[in-house]
Every structure is written in C-alpha cells, then in structure tokens.
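Geometric and topological summary
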Amino acid sequence: GKNEYDLLVIGGGSGGLACAKEAAQFGRKVAVLDYVEPSPQGSSWGLGGTCVNVGCIPKKLMHQAALLGSALKDAQHYGWNIAQPVHHTWSVMAQAVQNYVKSLNWGHRVQLQDKKVKYFNMKGSFSDSHTVRGLTKAGKEVSCCYNIVIATGGRPKYPTQIAGALEYGITSDDLFWLKESPGKTLTPFVLSYVSLECAGFLTGIGLDTTVMMRSIPLRGFDQANQMASLVTEHMESYGTKFLKRCFPTKVEKLESNRLQVTWKNTELGTEETDSFDTVMWAVGRAPDTKTLNLETVGVKTNSETGKIIVDASEATSVPHIYAIGDITEGRPELTPTAIAAGKLLAQRLFGHSSELMDYNNVPTTVFTPLEYGCVGLSEEAAVQCHGSDNIEVFHAYYKPLEFTVAERDATQCYMKMVCLREREQRILGLHFIGPNAGEVIQGFALGIKCGATYPQLMKTVGIHPTCAEEVTKLHITKRSGLDATVTGC
Amino acid sequence: SVQAHKEDKPQKPVEMNGLSPVPDSYDYDLIVIGGGSGGLAASKEAAKYGKKVMVLDFVIPTPQGGSWGLGGTCVNVGCIPKKLMHQAALLGQALQDSRKFGWQFTEEVKHNWMTMIESVQNYIGSLNWGYRVSLRDNKVTYENAYGEFVGPHTIKATNKRGVEKLYTAERFLIATGERPRYLGIPGDKEYCISSDDLFSLPYCPGKTLVVGASYVALECAGFLAGLGLDVTVMVRSILLRGFDQDMANKIGEYMKEHGVNFIREFVPIKVEQVEEGTPGRLKVTAKSTTGNQVIEGEYNTVLLAIGRDPCTRKIGLDKVGVNINEKTGKIPVNDEEQTNVPYVYAIGDILQDKLELTPVAIQAGRLLVRRLYAGATTKCDYVNVPTTVFTPLEYGACGYSEETAVEKFGEENIEVYHSHFWPLEWTVPSRDNNKCYAKIICNIQDNERVIGFHVLGPNAGEVTQGFAAAIKCGMTKEQLDNTVGIHPVCAEV
C-alpha cells in the first residue's frame, strides 16, 4: 500500500542517515530506503553506507593494525622484550573489524527506530517526482508528498577495458570482507587515496604488496605533487613495491587459482608479467544512479561524471528533490561533509533555518602508513588563484620525538603552510605529513575557519613535546631557499 | 648603593662591598644565567643580532648524586625523557591491543628498564651535544660554571673544580629554573629520589611509591605502571591543583582503573631503609591529614614529586637588589620580563604568576631579545597558552578551567558543551568506551566565544595544538560547529 512521508531518503549512508534523523527531530514522518547491490565478487553488507561498511571505518581499523605492527618494532627499542617470530593473522583482524562494523549496522538500526524513522531494506526507484518505488519482488511503493533526498553514494569502478578486470579483480567493496588473507596483492593505478591507503596497511601487516602507477599519484590533492611524492616515498621505504610508469593490460587466472597480470612498462617499452593472489582495483568511484530512474523525473546529472547536479542548497533540477553526499557533483567525497550537509538540509526543510553548507576549507586526511592531513588550498591551487608572487609558503622537515629512540626514519615528516603575502598574511592552506595527521590538522582547520593569519599562529604557544607544535614555529619560506630542517628546541 | 643606568650609556664606576670598580666597557652585552629552554633560546637570538653573549649553565648534583649536561630541565629531566618513557608505556598498551588486531607473539612480554634508560639517555646525550654545537655555531660563549651576582653588572662564575672568574655585562638574563622540592622529613634526602634521578636511574625502580599529586607525580606514576611496575600514589589532598578539577578527577579514575593504587589524604612523615640495594627496600610511615591514623608501607623506591622550587636564593640577587617573593622564591617581573633592577631580566619557570612551560620560556626569551636588540615591541602573550599532561589518558587544555570560568564570568554567563567519545582504535581491542571526554567552555555574553578547551584522550597534545590556534583567533561556538570534522579521528568530536 501507499505510505505518505514528509521526507524520504534514498540511501542509508552517512549523509542519508544524518538527514533522516535530523528531520525526525522536528517531529516529521521520515523513511529511509537502503539497499546494497552485491559487488561482482558477491560482497554485501548492512545499514550505514560506504563509510561504516567498506570505507573510513574498516580502513582506519586496518590502518591501525598496520601501525601496531610498527609499534611492535618500536617497542623493542623502548625496552619491551618480544620473542620473535611475530606474525599477523588476517582472519583474526578481519573478524574483529567485521564484527565491529556489524555492531555499527545494528546501532544504526536501533537509532532509526529510537527516532521513529521508518527503514526499508530495499532499492529505491522513482515512479514520478513524488513517488519512489521500492524494488522488491512485490514492487512495494513508498510515496512521499513533499521532499525526497537522494543519498545513494558511489560504488567502485572497474577498468572494464582491461581483460579479466571484472572477473578476477576485487575492489575496496570486497577487501574489507575477505575472510582469508589477500596474500600477494597488486593495486594498479593510483588515482585516489584508496589504493595507497590499502596498499599501505597491507604492507604493514606483512603482505607482499605492489602498487602500479601510470603517472603521478594523488592527482587533485596537491598537484605540486610534493605531498603525494613524500607519501609514496615513505611507502617505498616502508616496504611497498612500486612499479612506476606501468599500466596493466590483462588479468588471467592460472591453474593454481592465482592471477597472472600482464602490463606495459612505458619507460622501457616492454611488456612484463607476474603472478599475484589478489588484484585490487581502485580506479575511482561511480555515482550509484543506475536504477534510480532519474531520467523519468528529470533530475539532471553531469554528463561526464554521472553525478547529480545540485545548487548551494543541495536542490536538484526538480523541485522537492535534493541530493547530498558522494553522489553530488563538485562536492568533496567525505563522510563529515555529507553528514553536515544532510543535517543542514533537514534544518532548512523543517526547522526554518536558512543556513547553507560551507564546503570551503574542509579538512581531510589520507591514512597512509605516514599520514597526510590537509585543509584549505594546495600550493598549486593557491598559486593559480593568487599568483606565486602573492603567496608565501612556510615549510619544515621535522622529527617526531617518538621516532628518535625507535630509530625510525623521519625523512618524509614534513609540513607546509600556504599564506597570502600581503598585510595580515591570511592562511590559505596547511599540509602535514606525519603520525596522527588527522588529530593535528583538525584544530588548525578551526583556526582557518576563523580566518587565522600567520602572525596569529606565531603568537600561539606550542605544546611540548608534540609534532603539532612545529606548525606554530614555521618560519623558513620556500622562497628563501634555506634548509627547512628543524633542529632541536 | 646601586645607581640606575640608561642602557645606552657606559656605566659610572661604583665601589661595592670592597670589590674593584666596574669598568666602563663590559665583557659581554648579555650574560644568561641558566642554559635551559629559555636561556638557550634567548642567547642564540641575541647572538643573531651580533651581540656578545655568554651562557652559564651548571647543575648542582642531586642528593643521590645525579647530574646532567647542557639543556636544562626539559631536555634532561623533564619533557623529553618523560615523553619517551610515556611512549614506552603506551607501546606496552599497543602490544596488548595488537593481539586483537591479529598480531601474534608469545604471551609473556616483559619490559627491560635498562634498555629503555640507555636509549633515552643516549638521545639526551645527543641533545646536550647538539646544544653545545649550536651555541658554538651561533658564537655564544658557554661556560659550565655556577653563576652568581657579586655586584652591579658583575657575576662570579665557579666551575666544578672551584675555579672562580668574574664577568661583567650590560644586561643579565636569569633563567635558572627550578629543582624538585623535598619533604623535610627524616630519610627524604638519603633514601628518596626525584624526577631529577628517575630518568637516569641505573636500575629498575621496582615497587614504587610516588608522593605528590602534581602532573609530574601522575605522569611518572602513569608510565611506571604502564611498564608493569607496582605503583602507589600518595596524595595529600586534591589531584592536579590549579587544573580543571572535573578533568583531574577523570584522570585519577582512569589511572585507578588501570592499576595505579592511590592513598588519599596522607603525608609521609618518615622514610627508613630496610635493606640496601639497587633497588633496596624502604619503609614509609605516613600520617593521615584528617585524623590520627598512621600507616606503614614497604617499597623499593620512593619518588618525591611534591613541587619545584626556583633556583633564586643562592645566586646573589641581594647583591644587586633584585626582588624575589620571599615565600616562594619566584621573581616578579613586568610585562617585559624586567625585574625591579632595570638591567636584570628573568624568564622561564622562576617567574611569578607565569606558566612553567618550555615553549613559554622560549617564546618569552626570544621576544625579549628582539625587543632589546632589534627594536621590536611584541610582548610575550601568556594568555591561552595550551598545555598537555601526559598521563596514561592524556589531557590537553587551553584557556579557562570550568571553575575559573565560573568564578570570572558567573555560572549563568558560561555554557559548557561536552561529550564522551570512543576512539575508533579502541573499539576492536575493547578498551574503555566511556573514558575519553571533551568539553568546551563558552562565554555566552561574548558571542559564545570559546574560552576553554579540554580534551581527555589519545594524542591530546596533537589535538589541542590546533584548537589553541583557533582560540587565539577568537573562535566562537558557531565557528566550531561550522567546521567539518576529519573522519575518523578523535579530534572531530
């Protein structure tokens, strides 16, 4: 039968759930549709979306597992006697992570119930601009008179032009649900942080891991390539193998059930092969709009990316239909922005607020073995925007205190701050590579939101001994050409 | 009598206490007494402006005979070794966590104190060396000698062999810092150690009694327990006096739940040796502060951490007329770090009513020198200085505690927002899910400006630093709400 709702949210991920729960606070009748189409390899999961199930959460936990491996090595320098051999068992980790994720699925269901949000585990498709049909066998309809929010997120793309890619490769959708170790792994292409993060923690838990790069890593994050290079340089010294200037041409299955990958080495002009247990694709994510039936209702999408076009209030081209999160064009693909946008949208729709989401100066962190946190403009973007004569870049190579006794290499521990040169020297961007990068950057992101200037930062006294204090001591400019290595206090 | 002098005129000779008159030109532009965080930063800065600078640094050995090299408290017996040993303890916890994340190794893991001490001391040694090189490179004269005033513009430097030399300078900077206080009870100096001894102790301290409730006491008790030792903390009254008490109590609770014993409202009255050794066995007798009850306990080591006293009583300040607070020994200065004697300045832990922190001393020292020699006017900003206590559950703070905010603004004018949080990394190993905590205190009357920030959790220092910068920019609650979090990190809470 038909049910009437004030708000219908299609997609129970970070954005969708936040929006739904916020709307329910205003006493509205809200429903959420969430459905996970199994991956080509058959992986599926519960309520909560990408972040909870196949993104941020399992990623950070496995990253932590890898970091603990390093901690085990450090511990010996600090006096802990650990008998060798030390080894890692994938299934113990995977089960612990998967159990935690399942507890979150459950937690989300309970939360929806507590807030009286109706939840349907079914795929949504538009019948008309005010009616969404749940695609179950019965084709149950769920109608909504007023507002619909599309928050279906994205799914990993496959490089289908490569023979065997779809049949034999996995993606992040599958990696976190593997019951058995992925073994010797290849991640071809580095178009996003996903491949580097995954390759990073796989290396950290002791697996033979290779990253294949056609050109430059992390395109779009910091096009000066400096931060991306430092991150990948560290990974190399950490033990990840890099095949540079190469791209795969085919993947075949061997009798042993292992995979044989053939690739072209563009530098040498040769063709090479090797066998792996796992090939993981991380070539970008495609918006999940296929079964939504957007054309029928006229919701416009970007012809190149397929993402839904929205205005500053998250409205699509169709009145009363909104979109938030990874599915929207021109927005950062991050959980916290989706959550914030979802909440603000609900407040505007039902709470008489007029506050729009501010997508500027959103901080992010890449959780590679040596983490990279940033907020604001990259150096390249700042130069493009203001001209290199009008910006000043302060930078420093530093060594975390904890690395000293542990005899760890701090070559890539680096930070830089991009400021306007004139008058008050407003800070445009801050970039930090080192341990706990996310923790370091978060507070400074606040400062930048408040329009922090270089002098204000210099007036802030440091906390000693931390890595973050080095930000308040930045004083060597790139322009000066001086050695930017921090010496003792 | 001492005459006031204009700083750019040569001094008139004055006879004082039978010493020869002070010459027209001085040996140095600036003599810094104390080669710690503040003193070294100031001296190097002054040398940058072409000034002739000397640093005198000397460590009077501890009652147990311990001593150390150039660099002051922070480098040798403070921040640096403390953080490294805290890290050693955290790594012990990480070992336990790692099993839940799939790492496998033998059940029994023991900690070797000597391995840790050696590593830590080697690193400190490299810093001592680094400072000597740095002073030389910056053309700052350094003498390992005890400096004390003997007359106007004149100090006497005595090295460890007892050789005395006199030096004169246009200006002086006192940065002598502090040393741990003793209880003044029988057996304290003979048998007890302090933080001055702990970081180079050539044997494992074993079962330890920590006396005190300062951050030093709690940090040391924390890492000793984390290394697997049996630790008891004896507290006279409250924990972390001067800090937000809500947070202080949470820290204490956490430590208690993680194996640290607390004896509250007792003070030791006697320490006796039961058996010699490294460590030996000590018997401690303590009396209740609320009644007549007397208790006894036996420990391998007794660590006193009841406070620190400034090194200002025996440096001849009376000879040049520099006022000190007779009760505390601290030196009052104006907002330009100048004492009542115009050519004598002071920075760091010895200052009255200022925070005892390395970065504050460094900042004050550098800015002072820039004002003296580079025509700068910027004064040290002592407001909203962030700090972190590196207890097992770390505590980062910036701005007002809840009590002082209520006192200053009135309870009805402040709003406190708070939240418990569960670090993602603690979920899998099933660590406490309601211990980490964050709160901000806002001034309702001033646009809900954030006037206090407190966080209890891992990497509190890293988290707090950026928030301190934001508070410096006058952050309001609204701006905080509008800033998107990084996910998943603790700081996003």
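Predicted model only: the values in this text are computed from it and were never measured.

1. Brief notes about the UniProt feature "domain: Pyridine nucleotide-disulphide oxidoreductase dimerisation" (unreviewed entry) in chain A
UniProt marks residues 362–473 of chain A with the feature "domain: Pyridine nucleotide-disulphide oxidoreductase dimerisation" (unreviewed entry), using the numbering shown here. Secondary structure content for residues 362–473 of chain A is 29% helix and 26% strand, and the end C-alpha separation is 23 Å.

2. Digging into the UniProt feature "active site" (unreviewed entry) in chain B
When the UniProt feature table is mapped onto this chain numbering, "active site" (unreviewed entry) sits at His487(B). Position of His487(B) relative to the elements: it lies in the segment after helix 14 (477–482). On the accessibility criterion, His487(B) (22% relative accessible area) is partly exposed. Residues within four places of His487(B) in sequence aside, it is in contact with Cys51(A), Cys56(A), Ile57(A), Thr335(A), Pro336(A), Phe367(A) and Glu492(B).

3. Remarks on unusual backbone geometry
Along the chain, His464(A) connects to Pro465(A) via a cis peptide bond; the corresponding omega equals -5°. Its location among the elements puts Pro465(A) in the segment after helix 14 (454–459). The amide bond that connects Thr278(B) to the next residue, Pro279(B), takes the cis arrangement and shows omega of 0°. Mapped onto the fold, Pro279(B) is located in the loop between strand 14 (266–275) and strand 15 (281–288). With a phi angle near 60°, His352(A) is a residue other than glycine that sits in the positive phi range. Tracing the chain through its elements places His352(A) in the loop between helix 10 (335–350) and strand 19 (364–366). For His352(A), a relative accessible area of 79% gives the class exposed.

4. Re the sheet that holds strand 23 (residues 436–443) of chain B
Residue and element names in this part refer to chain B. With antiparallel pairing, the five strands of this open sheet are ordered in space as 20-21-24-23-22. At either margin of the open sheet sits one strand with a lone partner, and together these are strand 20 (387–389) and strand 22 (414–421). The mean inter-strand angle of the sheet, taken between neighbouring strand axes irrespective of direction, is 15°. Summarising the sheet, strand 22 and strand 23 pair through eight bridges and their orientation is antiparallel. In the sheet register, glutamate 415 faces strand 23, and the bridge partner there is cysteine 442.

About the cut-offs
- Residues numbered from 1 in each chain as written.
- Chains lettered and ligands numbered in written order.
- Predicted model: local features only at pLDDT ≥ 70, side-chain atom pairs only at ≥ 80, totals over all residues.
- Heavy atoms only, no water.
- UniProt positions renumbered as here; feature names shortened; annotations may be inferred.
- Helix = DSSP H or I, 4+ residues; strand = E, 2+ residues; numbered from the N terminus.
- Buried < 20%, exposed > 50% of the residue type's maximum accessible area, 1.4 Å probe, protein only.
- Contact = heavy atoms within 4.5 Å.
- Pairing = 2+ DSSP bridges.
- Axes fitted to C-alpha atoms, helices over the stretch in contact; angles between N-to-C directions.

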